[in-house]
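A structural walkthrough
Below, each chain spelled out in residue letters.
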Amino acid sequence: MGASKGIAIAPAYIFVNKEIENSTGKLEPGKAEQEIERFLCALQRSEKELEKIEQVTTQKLGQVYSDLFHAQIMLLHDQVLTNSITSRIRDEMKPAQLVIDEEFDNYLQHFNNSSEVLFQERAQDLVDIKNRIIRNLYNKKLQSKVPEGMIIVSKSLSPADIILLSRNKVKGFVTETGGKTSHVSLICKSLNIPIIVGLSNFTQKISMGAPLVINGSDGTAIAYPSEETVRKYLNVIAEESKIEAEACKLASAPAVTKCGIRLHFYSNIDVKEEIPSIHTAGAEGVGLFRSENLFIDSTKPPKESEQTDYYRDMAEALNPEPLVIRLFDIGGDKLIYSPISEPNPNLGWRGIRILIDVPEILDSQLRAILKANSSENIQILLPMISSLDEIMAIRDALEKHVTALEKSGISINKPELGAMIEIPAAVEIIDEITKAVDFISIGTNDLTQYTLAVDRNNEIVQDLFDKFHPAIVRQIHRIISTACSNNCRVALCGDMGSDPLALPFLVGCGLKEFSVVSADIPRLKSLARYFTVDETRELVKDCLGLPTASKIKAELTKFLTDHDAPDFYPS
């Protein structure tokens with residue numbers, strides 16, 4: 001899977017983190033305290049390393065990602081963990097390495113057995129801490145230097161590896177494990193370094209220094225490419241740079257079609273620190289703030305006062321532009337304190353269902369949003385809606401808090417209420433939903449997953465996950481058409497909105513609001529100028545009658561070619 005876009009051509013560097021063999025057997029009598037001292041020294045060395053990495057990360061990426069390493073430092077100070085390890089060394093007379101392995105593996109088992117991809121990917125962060133401590137037990141040197149200008153190929157990489165190796169002007173990364181939402185992938189996106197993840201056994205198929213081409217947009221890796229292939233990709237890089245430069249010139253200009261119809265592009269963000277950069281890309285506000293990131297990085301929900309301050313800071317920074325806050329989209333496995341264990345959390349207790357069942361979480365967030373909305377630019381988006389009852393339950397809760405806060409003397413500006421359309425059931429009742437809310441936002445990633453019964457993070461069925469499947473295309477058209485008929489604002493916030501191939505189709509359906517990754521906005525704005533709305537409406541008619549995804553994609557490609565549009569993703 002391509003997890004950070006971009007093309008790189010360079011020699012491969014096989015990066016191997018040498019594993020230290022497990023110590024076995026028992027400690028010699030009287031050696032326990034000496035072993036504990038080794039462990040404590042390893043913790044100190046690990047902390048010094050992480051402090052340096054934290055500093056480098058702050059310089060490169062700011063506070064957003066450096067907090068990841070600060071969290072690892074905090075774990076090194078966790079008294080429950082360290083006391084458990086030291087007492088077991090003393091009581092069981094086991095070597096420190098063996099005890100560390102066993103203690104961390106207890107945590108890792110819970111993460112790896114989770115059916116939530118987020119937890120599976122975060123397991124790598126724990127592995128990184130464990131390996132760091134064990135390496136420092138033996139005073140082994142941290143490898144951070146490689147020849148400049150290489151593509152790093154490895155079985156797995158930690159966030160710290162990415163940060164340190166990036167100082168060597170690496171061209172790209174390829175890993176055999178990992179996912180699109182892992183910290184490693186997100187850091188590569190922020191550094192604008194292409195990465196391909198999940199490419200099984202690749203370290204066995206390429207040798208040190210071998211020529212390599214990777215495309216982080218589509219997940220292609222070409223080992224030992226021919227001269228013709230290299231030439232082709234060099235041309236692609238040159239063309240991409242040219243298009244990017246032209247698109248960036250239009251970033252701050254309004255997005256308009258060839259016939260002058262105004263389109264609006266907003267950013268999807270995870271943390272408030274992203275706000276300064278969204279305007280550089282030409283965003284007109286935040287169309288999706290994933291508020292669950294405030295929740296997941298803690299063992300409990302954030303305090304109401306913390307949320308209020310956080311949302312107010314964002315709203316004031318954006319004012320008068322909109323801030324759409326999606327309520328906590330948490331699943332059973334993400335509720336760290338929850339006793340619930342589900343065989344399939346994606347089809348279980350998650351999103352709006354948890355918020356309704358656990359009112360203390362919902363009430364705290366709603367009150368925080370109401371108190372933070374002094375700028376009057378916050379909007380609320382409800383995740384995983386499948387019925388009108390869910391919308392009514394949230395609306396009732398919102399009204400209750402508005403009344404209570406106003407009685408206490410707090411002036412309230414009530415936010416608009418919107419619903420995520422990402423479950424086929426919501427599509428079936430889209431007429432009723434668009435009459436019950438102020439706006440809707442189409443989440444094409446989950447809508448595709450649930451409609452096609454394809455787990456989008458499952459490598460085995462990855463090729464079946466296709467946003468241009470006729471069922472998805474027809475659903476999208478139905479959703480937008482119905483919303484427009486009912487005078488309900490409609491936006492789209494899934495990956496489909498970032499795909500240049502989809503843009504004319506979505507415009508032809510009547511969509512005018514897009515919430516996407518900030519980096520994609522300049523290109524989409526530029527592309528809109530190549531066609532008229534009437535032309536896209538004819539395109540929609542043609543696509544709705546086609547029976548397969550391949551034919552729909554061919555029709556969309558032909559449309560852009562016929563309109564001399566820039567070739568954003570050359571084959």
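All values reported here derive from a predicted model rather than from experimental measurement.

Section: the overall build of the chain
- Counting secondary structure elements, the chain contains 22 helices and 16 strands.
- Over its C-alpha atoms the chain spans a radius of gyration of 25 Å, differing by no more than 12% from the 25 Å that the globule rule assigns to 571 residues.
- Viewed in the frame of its principal axes, the chain has a C-alpha envelope of about 85 × 70 × 40 Å.
- Considering the chain as a whole, with its 571 residues, one finds that 54% of them fall into the buried category.
- Residue pairs in contact within the chain that sit at least 24 positions apart in sequence constitute 69% of those at least 6 positions apart.
- For the chain, the accessible area works out to roughly 25400 Å², and carbon and sulfur atoms hold 50% of it.

Considerations on the pattern of salt bridges
- Tallied over the entire structure, the rule returns 32 salt bridges.
- What you see here is one network of salt bridges that share partners, running through R88, E92, K94, E102 and E103.

Structural notes on the nonpolar core
- Core analysis: the largest hydrophobic core is formed by 93 residues, its most contacted members being F289, Y311, I440, I476 and L506.
- Sort the elements by how many residues they give to this core and helix α13 (residues 359–372) lands first, with seven residues.
- Those residues within four positions of I440 in sequence are excluded, and the remaining contacts are A419, I421, I430, I433, T434, I479, A483, C488, R489, V490 and A491.
- By size, the runner-up hydrophobic cluster in this structure holds 50 residues, among which are Y13, V146, L165 and I193.

Remarks on the confidence of the model for the chain
- A residue-level look at the chain finds 91% of positions with pLDDT of 70 or above and a mean pLDDT of 88.
- This stretch, residues 332–339, has a pLDDT under 50; its non-local contacts, to residues over four places away or in other chains, come to 30 contacts.

Brief notes about the side chain of N373
- The topology assignment puts N373 in the loop between α13 and β12 (378–382).
- When residues no more than four places from it in sequence are discounted, the contact partners of N373 are I378, N413, K414 and P415.

A few points about the pairing of strand β9 (residues 262–269)
- Extensive coverage of β9 is indicated by the burial of six of its eight residues.
- Both strand β8 (residues 255–256) and β9 contribute to a ladder of two bridges, which runs antiparallel. Across the sheet, V256 pairs through a bridge with R262, a residue of β9.
- Here β8 hands over to β9 after five residues, with G260 in that stretch at a positive phi of 90°.
- Two strands pair when backbone bridges link them, and β9 and strand β16 (residues 513–516) are joined in this way by four bridges, in the parallel orientation. From the neighbouring strand, S267 faces β16, where its bridge partner is V516.

Describing the state of the cysteines
- The tally for this structure, following the rule as stated, stands at zero disulfides.
- There is no disulfide at C484, and the cysteine sulfur nearest it, in C488, is 9.0 Å away.
- For C484, a relative accessible area of 37% translates into the label partly exposed.
- C493 takes part in no disulfide bond, and the closest cysteine sulfur to it belongs to C488, at a distance of 14 Å.
- Accessibility expressed as a relative area gives 8% for C493, which makes it buried.

Remarks on the sheet that holds strand β5 (residues 195–196)
- The strand order across the open sheet built from seven strands is β1-β5-β4-β3-β2-β6-β7, with neighbouring strands paired in mixed fashion. Since the sheet does not close on itself, it has two edges, and those belong to β1 (2–4) and β7 (220–223), each with one partner.
- As defined by bridge partners, strand β6 (residues 211–215) adjoins β7 across four bridges and the pair is classed as antiparallel. Each bridged residue has a counterpart across the sheet, and for L212 the counterpart in β7 is A223.
- Docked against the sheet, helix α7 (residues 183–191) engages β1, β4 (172–175) and β5, running at close to 55° with respect to β1.

Re the packing of helix α1 (residues 32–61) against helix α3 (residues 79–92)
- Between α1 and α3, whose axes approach to 9 Å, the crossing angle comes to 155°. As judged from the angle between their axes, α1 and α3 are roughly antiparallel. Crossing geometry of α1 relative to α3 is assigned as right-handed. Across from A32, E33, E35, I36, F39 and L43 in α1, the residues of α3 making contact are T82, I85, T86, I89 and R90.
- Tallied by class, residues from the contact of α1 with α3 come to six nonpolar, two polar and three charged.

Some points on the packing of aromatic side chains
- Summed over the entire model, instances satisfying the criterion amount to three aromatic pairs.
- Plain terms: the ring middles of F289 and Y310 are 6.0 Å apart, the flat faces sit at 20° to each other, and that makes the pair stacked. In this pair, F289 is assigned in strand β10 (residues 286–290) and Y310 in helix α11 (residues 304–318), connecting sequence segments 21 residues apart.
- You can call F289 buried: its relative accessible area is 0%.
- Seen in terms of ring centroids, F531 and F559 are 6.0 Å apart; in terms of plane orientation they differ by 55°. Their pairing is tilted. Residue F531 is found in the loop between α20 (521–528) and α21 (533–544), and its partner F559 is found in helix α22 (residues 549–562); the two are separated by 28 residues along the sequence. Comparing F531 with F559 shows no difference in burial state: the two are buried.
- Across the ring face of Y138, the terminal group of R38 is positioned such that the distance to the ring centre comes to 5.1 Å.

About the cut-offs
Residues numbered from 1 in each chain as written. Predicted model: local features only at pLDDT ≥ 70, side-chain atom pairs only at ≥ 80, totals over all residues. Heavy atoms only, no water. Helix = DSSP H or I, 4+ residues; strand = E, 2+ residues; numbered from the N terminus. Rg over C-alpha atoms; globule rule 2.2 N^0.38 Å. Buried < 20%, exposed > 50% of the residue type's maximum accessible area, 1.4 Å probe, protein only. Contact = heavy atoms within 4.5 Å. Areas by Shrake-Rupley, 256 points an atom, 1.4 Å probe, with all protein chains shown as cover. Salt bridge = Lys/Arg side-chain N within 4 Å of Asp/Glu carboxyl O. Core = buried A, V, L, I, M, F, W, Y, C linked by side-chain atoms within 4.5 Å. pLDDT = per-residue confidence, 0-100. Pairing = 2+ DSSP bridges. Disulfide = S-S within 2.5 Å. Axes fitted to C-alpha atoms, helices over the stretch in contact; angles between N-to-C directions. Parallel < 35°, antiparallel > 145°, perpendicular 65-115°, else oblique. Left-handed = near helix turned anticlockwise from the far one by under 90°. Nonpolar A, V, L, I, M, F, W, Y, C, P; charged D, E, K, R; others polar. Phe/Tyr/Trp six-rings, centres within 6.5 Å; stacked < 30°, edge-to-face > 60°. Lys NZ or Arg CZ within 6 Å of the ring centre and 35° of its normal.

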